[in-house]
Amino acid sequence: MTQPADTEEDVRTPSTGRRAVPALVMIALVWLAAMALLALTADLASPHDYRSLDLRDRLAPPLFFGGSLSHPLGTDELGRDVMSRLLVSIRISLTVAFLATLLSTLIGVVMGFVAAHFRGWVEQAVLMLIDLQAALPFMFLALFVLALVGNDLVVFIILMGFYGWERTGRLARGLALAAQGQTYLSSVREIGAAPWRVYLVHVLPNTASTIVVAMTLNFPEIILLESGLSFLGLGVQPPLTSLGNMVGYGREYLTSAAWIPLAPSAVIVLTTLAVSIVGDWLRDRLDPALR
Amino acid sequence: MIAYAAIRLFRAVLTLWLLVSITFLVMRLTGDPALQIMSVEAPPDAIAAFERFWGLDQPLWRQYLTYIGGLAQGDFGVSMRDGQSALALVVDRVPATLSLTVPALVLTLLIGLPAGVYAALRRNTTADRLTMMSSVIGYTVPSFVLALVLVLVFAVWLQWLPASGADDWRGYLMPIVTLALPGAAVIARFTRSAMIEVLNQPYVRTATGKGVIWRRVVSRHVLPNAAIPTVTIVGFMVGSLMAGTIIVETVFAWPGVGQLLINAVGNRDLAIVQTILLFVGICMVTANLAVDIAYGWIDPRTRRRTVATSPR
């Protein structure tokens, strides 16, 4: 889902304060920590190899629906363990989303700072690019590039890394322009600091909290985009697997073996929900600029 | 107002030109089109003949002019599969897609706007929190999951609705709802913020202070002013609706543009993918232009800061 750039920044109430219930935020944080842990330990935690077939034990139901302990979430149409595939999918989906968010933030911050530093035609050019990116739903752009260059994991991650850079870029430019008016920056410049030093050592740390909040907005949207493309069979390619991938291939078994598409669906929903809850809470707590 | 509209129009045309030019450049720079269509082992003179036929032996700037000229005359290239005009193939699918997106946009507004207004007027009550919580859930649930759950409940368990196809009106219900709900969630959240912003304005305090009844304050002062920023988001909704059709049409086997696009990407049929990309670009730029002009018309203040769009 493409969320408009100016919704959250512009129309923000001055005094909402804490809106999210802290208990809910705690649950969200615990869920995210668990996901991160599972992503890191996917090899150790999974009961089977995620690729190993067992054709005699296909479409076995999950534990409490008549299944056995050796396949807690059942097996799929080729007898592969759904639990193991789920853990590997969590690892791949979270890694893609994490790397892509970092890349998108990097592109956005660099473009925003460059625009704010050079002004003039450089700034106009950056703003044109931002407008162009904002005018086009990212999904179509992604499909165009995938049709053009084909797909492998590195290309895919770089492509996802362009998602949302225009929002971060606009934000970073605004923050840098605002910072330029502050006295500490003119002092730093008086002393003779080089531009890269000004931006890296002074502007960036002073704007970091706002940028981190923007990242929490981007992260769940990249998970949704990645899983959407993988669901369509155009994202992460087999034999690798991702959450959207599992839902896409498991869709045919919705009536006969609903656990195959539903288990990864639940993980996607809970994870994006958790990041959004934490992001909202962070924005209300940390970031007076966006209030 | 005319100067304002003219500047907006100029920017829209500039954006479209950029889109077309970048599309052209990316397509020419990412690979030899001859080698993508013919096999790598094709004899060199066959490749040379192919390049001569499609004008690929010309200098880049001349290819660019030919390309722009073709687009201006409605020549978007031909499908690599069957040689049909890409434009005709896409136009053929548009009605099926519109039959989902137009009702979905209406439904989005019918759910989103009242929910946002309601939540804002009952700010910080349980009703408000429940509405906002549903809104967060509404846009964090991916549409393919929403679609699968709807199919599971209404087609598999209850057997009220068909799982796919459009034999009668019941076939339209699930695709339209799947398309509309995420947008409604975004609109509800946005409308609520816009309302609260206006509710905090001094003129609202003045109106209540001088004894205007609350219902009248809301209908005369709050709603019209909150409507101004809400108009902008409808332009963005058009974009996310179009992106939504890609997934919805795949899940419900709907013969629209989204399904055509997915098949074309799978076959790497570039002419079709590029036509759809430019189509979407034209729709988005037009929608944003319409929103900008409507915005300037509703709110005279925006007309004055036209040239430099203020940094946000």
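None of the values given here were measured: they were computed from a predicted structure.

Cut-offs used in this document
- Residues numbered from 1 in each chain as written.
- Chains lettered and ligands numbered in written order.
- Predicted model: local features only at pLDDT ≥ 70, side-chain atom pairs only at ≥ 80, totals over all residues.
- Heavy atoms only, no water.
- Helix = DSSP H or I, 4+ residues; strand = E, 2+ residues; numbered from the N terminus.
- Buried < 20%, exposed > 50% of the residue type's maximum accessible area, 1.4 Å probe, protein only.
- Areas by Shrake-Rupley, 256 points an atom, 1.4 Å probe, with all protein chains shown as cover.
- Expected span 1.5 Å × (residues − 1).
- Axes fitted to C-alpha atoms, helices over the stretch in contact; angles between N-to-C directions.
- Parallel < 35°, antiparallel > 145°, perpendicular 65-115°, else oblique.
- Left-handed = near helix turned anticlockwise from the far one by under 90°.
- Contact = heavy atoms within 4.5 Å.
- Nonpolar A, V, L, I, M, F, W, Y, C, P; charged D, E, K, R; others polar.
- Buried area = accessible area lost by both parts, 1.4 Å probe.
- Salt bridge = Lys/Arg side-chain N within 4 Å of Asp/Glu carboxyl O.
- Polar contact = N/O pair within 3.5 Å; in protein donor to acceptor, adjacent residues only side chain to side chain.
- pLDDT = per-residue confidence, 0-100.
- Core = buried A, V, L, I, M, F, W, Y, C linked by side-chain atoms within 4.5 Å.
- Patch = residues over 30% accessible without salt bridge, like charges linked within 9 Å, V, L, I, M, F, W, Y side chains within 5 Å.

## Some details on the overall build of chain B
Next, step 1: Summing up its helical and strand segments, chain B has 13 helices and zero strands in all.
Next, step 2: Listed N to C, the secondary structure of chain B is α-α-α-α-α-α-α-α-α-α-α-α-α in terms of helices and strands.
Next, step 3: Along the first, second and third principal axes, the C-alpha atoms of chain B reach 85 × 60 × 30 Å.
Next, step 4: Expressed as a percentage of its 312 residues, the buried residues of chain B come to 45%.
Next, step 5: For chain B, the exposed area adds up to about 15500 Å²; of that, 66% sits on carbon and sulfur atoms.

## Re helix α8 (residues 165–180) of chain A
Next, step 1: Taking 1.5 Å of rise per residue, 16 residues should cover 22 Å, and α8 of chain A covers 22 Å from first to last C-alpha, within 8% of that figure.
Next, step 2: Of all the 16 residues making up α8 of chain A, 14 are buried; the element is thus mostly covered by neighbouring parts of the structure.

## A word on the packing of helix α4 (residues 82–118) of chain A against α8 of chain A
Residues and elements named next belong to chain A.
Next, step 1: It is at 7 Å that the axes of α4 and α8 come closest, and there the two elements cross at 40 degrees. In this view, α4 runs oblique relative to α8, as classed from their interaxial angle. Every pair of crossing elements has a handedness; the one defined by α4 and α8 is right-handed. Here α4 contributes Ser104, Thr105, Ile107, Gly108, Val109, Met111, Gly112, Phe113, Ala115, Ala116 and His117 to the contact with α8, which in turn contributes Trp165, Thr168, Gly169, Ala172, Arg173, Ala176, Leu177 and Gln180.
Next, step 2: Partitioned by chemical class, the residues of the contact of α4 with α8 number 10 nonpolar, eight polar and one charged.

## With respect to the interface of chain B and chain A
Next, step 1: Taken residue by residue, the interface counts 60 residues in chain B and 53 residues in chain A.
Next, step 2: Interface area for chain B against chain A, summed over the two sides, is near 5400 Å², with a carbon-plus-sulfur share of 76%.
Next, step 3: Linking Arg189 of chain B and Asp280 of chain A is a salt bridge whose minimum nitrogen-to-oxygen distance equals 3.2 Å.
Next, step 4: The interface formed by chain B and chain A holds three residue pairs in polar contact (both at pLDDT 80 or more) in total.
Next, step 5: The set of elements that each furnish at least two residues to the side of chain B that touches chain A consists of α1 (2–29), α6 (126–140), α7 (143–157), α8 (170–199), α10 (214–251), α11 (257–267) and α12 (270–298) of chain B.
Next, step 6: Among the residues forming the side of chain B that touches chain A, the class breakdown is 39 nonpolar, 14 polar and seven charged.

## A short note on the confidence of the model for chain A
Next, step 1: Mean pLDDT for chain A: 81, with 87% of residues reaching 70 or above.
Next, step 2: Scored below 50 in pLDDT, residues 1–18 of chain A shows 45 contacts in the model against residues more than four places distant or in partner chains.

## Examining the nonpolar core
Next, step 1: Membership of the largest hydrophobic core comes to 108 residues, with the highest contact counts inside it found for Ile90, Met139, Phe140, Leu143 and Met160 of chain A together with Ile276 of chain B.
Next, step 2: A per-element tally of this core places α4 of chain A first, with 10 residues.
Next, step 3: For Ile276 of chain B, the residues in contact, after removing those within four places along its chain, are Phe140 of chain A together with Val90, Val257, Leu260 and Leu261 of chain B.
Next, step 4: Leu185, Val188, Val203 and Ile211 of chain A belong to the second-largest nonpolar core, a separate cluster that totals 17 residues.

## Thoughts on unusual backbone geometry
Residues and elements named next belong to chain A.
Next, step 1: Pro238 connects to Pro239 through a cis peptide bond whose omega is 10 degrees.
Next, step 2: Mapped onto the elements, Pro239 comes out in the loop between α10 (195–231) and α11 (243–250).
Next, step 3: Phi is positive for Arg119, close to 50 degrees, though the residue is something other than glycine.
Next, step 4: Here Arg119 shows up in the loop between α4 and α5 (120–135).

## Some remarks on a nonpolar patch on the surface
Residue and element names in this part refer to chain B.
Next, step 1: Taken together, the side chains of Leu98, Val102, Val106, Leu110, Ile111 and Leu181 make up a nonpolar region of the molecular surface, amounting to roughly 500 Å² of accessible area.
Next, step 2: Per-element accounting of the nonpolar patch gives the leading share, five residues, to helix α5 (residues 86–121).
Next, step 3: With respect to the element layout, Ile111 can be found in helix α5.

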